Amino acid sequence: MPQRRKQKKYAARRPKASCRARRKPQETWEIVVWALACAVLLLLVIFLYRRQEQQRRAVYENAEFSVHFIDVGQGDSIYIHSDDADVLIDAGEAEYGSTVVRYLDSCGVRELDLVIATHPHSDHIGGLSAVLSEFEIQEVMLSDIPDEQLPVTRTFAGLLDAIDASGAALVTAEAGQTYTLGDAVLTILGPVDTEYDDLNDYSVVAQLSFGEADFLFTGDQTTTAEKDLLASDILEDIEVLKVGHHGSSTSSSKKFLDVIQPEYAVIQCGADNSYSHPHETIVKRLAGYTDNIYRTDVQGTAVFTSDGRSLSVSLINE
């Protein structure tokens with residue numbers, strides 16, 4: 001019987017494919033162009049960020065007194081600098097905590113004398129936990145809200161934990177309290193009443209006075225709280241109004257505006273927000289008192305500086 005040849009394991013060997021496939025010149029140039037475009041974009045982002053930081057620092061360093069309405073989307077955050085004193089009112093939603101921290105950092109802030117949480121809604125207090133963990137805080141002010149109306153939310157509980165961890169003194173807002181901030185004075189005006197149906201009406205209301213410049217910070221108070229402020233006869237003409245409740249139709253009544261006669265109005269709200277803030281009616285009403293209306297959703301952060309006699313405004317659009 002003829003002997004069979006042993007079958008080879010591989011009848012034929014195929015040539016191995018090269019691991020280094022040659023690229024077409026066109027593909028190589030496309031990669032180079034793409035890489036250069038990415039590098040240019042990165043450099044542009046870095047340049048714009050540094051320029052914004054320089055703008056902030058320039059405003060901060062050239063003024064002994066400044067009030068910064070920080071753009072935190074659909075929320076409030078206001079930083080006050082006067083001589084060696086630094087105050088923060090609110091810090092937007094939790095996602096904007098790092099934004100506020102970076103902003104304060106770029107202004108050279110290392111310590112805050114007072115932090116005011118106007119009322120326990122997330123678009124005002126959400127970012128405060130991040131601030132409290134990054135800076136040394138002397139005092140934190142909360143509004144006096146009945147226990148049965150205090151919100152049981154993770155955000156509010158997180159704020160209380162952050163206050164405890166910070167070691168800051170906790171104070172309750174009372175009408176008539178005053179804080180001396182160098183040559184400026186911060187006076188707590190409200191809330192006036194202690195029983196409201198709406199948490200917004202428990203907002204801490206404060207007036208900041210520096211020479212001939214007066215600022216009124218109203219939180220989210222509605223016309224109900226505005227009536228109580230009017231009845232208390234403590235309101236006066238002011239230069240700059242932080243418009244109540246992001247320009248909502250529930251705030252900024254004509255009677256209220258008639259008394260305070262604002263020369264400037266700042267509306268803190270987010271672009272394309274689901275609440276339709278600011279309301280068209282309120283914008284038109286404000287226009288009857290001033291042509292100087294600033295919106296953070298349109299113009300970004302608004303910074304007011306003063307020498308005690310005149311006011312100037314700088315806009316920092318992120």
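Residues numbered from 1 in each chain as written. Predicted model: local features only at pLDDT ≥ 70, side-chain atom pairs only at ≥ 80, totals over all residues. Heavy atoms only, no water.

Here's the deal with the nonpolar core
Here is step 1: Among the nonpolar cores identified, the biggest contains 32 residues, and Leu208, Phe215, Phe217 and Phe304 are the most heavily contacted of them.
Here is step 2: The residues contacting phenylalanine 304, other than those within four sequence positions of it, are Phe65, Ser66, Val67, Phe69, Phe215, Val240, Tyr264, Val266, Tyr294, Leu311, Ser312 and Val313.
Here is step 3: Core analysis: the next-biggest nonpolar cluster, separate from the first, contains 29 residues, Val109, Leu128, Leu132 and Leu159 among them. (Core = buried A, V, L, I, M, F, W, Y, C linked by side-chain atoms within 4.5 Å. Buried < 20%, exposed > 50% of the residue type's maximum accessible area, 1.4 Å probe, protein only. Contact = heavy atoms within 4.5 Å.)

A closer look at the sheet that holds strand β3 (residues 85–89)
Here is step 1: The mixed open sheet is built from eight strands, whose spatial order is β6-β5-β4-β3-β2-β1-β14-β15. What marks the edges here is a single partner per strand, and that holds for β6 (169–172) and β15 (311–316). In this sheet, neighbouring strand axes are inclined to one another by 20° on average, regardless of whether the strands run parallel or antiparallel.
Here is step 2: Two elements, strand β2 (residues 78–82) and β3, share five bridges in a ladder whose sense is antiparallel. Looking across to β3, one finds that tyrosine 79 is bridged to leucine 88.
Here is step 3: Here helix α5 (residues 154–166) sits on the sheet and contacts β4 (111–117), β5 (136–142) and β6; the angle it forms with β5, its principal contact strand, is near 140°. (Pairing = 2+ DSSP bridges. Helix = DSSP H or I, 4+ residues; strand = E, 2+ residues; numbered from the N terminus. Axes fitted to C-alpha atoms, helices over the stretch in contact; angles between N-to-C directions.)

Things to note about the sheet that holds strand β13 (residues 293–295)
Here is step 1: Read from one edge of the open sheet, seven strands run β7-β8-β9-β10-β11-β12-β13, paired in mixed fashion. The open sheet has two edge strands, β7 (178–181) and β13, and neither has a second partner. Put simply, the sheet's adjacent strands are angled 15° from each other on average, direction ignored.
Here is step 2: Pairing of strand β11 (residues 240–242) with strand β12 (residues 264–267), which is carried by three bridges, proceeds in the parallel orientation. When the sheet's bridge partners are listed, valine 240 is paired in β12 with tyrosine 264.

Remarks on the pairing of strand β14 (residues 301–306)
Here is step 1: Burial analysis of β14 places six of its six residues in the buried class, which makes it a mostly covered element.
Here is step 2: In β14, alternate side chains face the same way, and those of Thr301, Val303 and Thr305 on one face and Ala302, Phe304 and Ser306 on the other are all buried.
Here is step 3: For strand β1 (residues 65–69) and β14, the ladder comprises four bridges, and the chain directions are antiparallel. Each residue of the ladder has a partner; that of histidine 68, found in β14, is valine 303.
Here is step 4: Taken together, the six bridges between β14 and β15 define a ladder with antiparallel strand orientation. Pairing of phenylalanine 304 across the sheet is with valine 313, part of β15.
Here is step 5: Hairpin remark: β14 followed by β15, antiparallel, with four residues in the connecting loop; positive phi at glycine 308, about 100°.

Looking at the confidence of the model for the chain
Here is step 1: For the chain, per-residue confidence averages 88 on the pLDDT scale, and residues scoring 70 or more make up 84% of the total.
Here is step 2: Considering only residues more than four positions removed or in separate chains, one finds that residues 1–20, a stretch of pLDDT under 50, has zero contacts. (pLDDT = per-residue confidence, 0-100.)

Some words on the packing of aromatic side chains
Here is step 1: By the definition in use, this model includes nine aromatic pairs.
Here is step 2: Each ring, one from phenylalanine 65 and one from phenylalanine 215, has its centre 5.9 Å from the other, and the planes form 55°; the classification is tilted. In this pair, phenylalanine 65 is assigned in strand β1 and phenylalanine 215 in strand β10 (residues 213–217), connecting sequence segments 150 residues apart. For the pair phenylalanine 65 and phenylalanine 215, a shared accessibility class is recorded, and that class is buried.
Here is step 3: Ring geometry for tyrosine 264 and phenylalanine 304: centres 5.5 Å apart, planes at 90°, overall edge-to-face. (Phe/Tyr/Trp six-rings, centres within 6.5 Å; stacked < 30°, edge-to-face > 60°.)

What to know about unusual backbone geometry
Here is step 1: The amide bond that connects glycine 190 to the next residue, proline 191, takes the cis arrangement and shows omega of 15°.
Here is step 2: Positionally, proline 191 belongs in the loop between β8 (184–190) and β9 (205–210).
Here is step 3: Here histidine 277 and proline 278 are connected by a cis peptide whose omega angle stands at -5°.
Here is step 4: Note on placement: proline 278 falls in the loop between β12 and α8 (280–287).
Here is step 5: With phi around 45°, glutamine 261 is a residue other than glycine that occupies positive phi space.
Here is step 6: Its location among the elements puts glutamine 261 in the loop between α7 (254–260) and β12.
Here is step 7: For serine 276, which is not glycine, the phi torsion reads 60° and is therefore positive.
Here is step 8: Within the element layout of this structure, serine 276 appears in the loop between β12 and α8.

Describing the pairing of β10
Here is step 1: Burial of β10 is extensive: five of the five residues sit out of reach of the surface.
Here is step 2: By the alternation rule, side chains of β10 split into Ala213, Phe215 and Phe217 and Asp214 and Leu216, which are all buried.
Here is step 3: In this structure, β9 lies alongside β10, joined through five bridges in antiparallel fashion. Bridge pairing in β10 links serine 209 to aspartate 214.
Here is step 4: Inspection of the sheet shows β10 paired to β11 by three bridges, in the parallel sense. Looking across to β11, one finds that phenylalanine 215 is bridged to valine 240.
Here is step 5: With respect to chirality, the unit in which β10 leads through helix α6 (residues 223–232) into the neighbouring parallel β11 is right-handed. (Right-handed = clockwise from strand over helix to strand, strands pointing away.)

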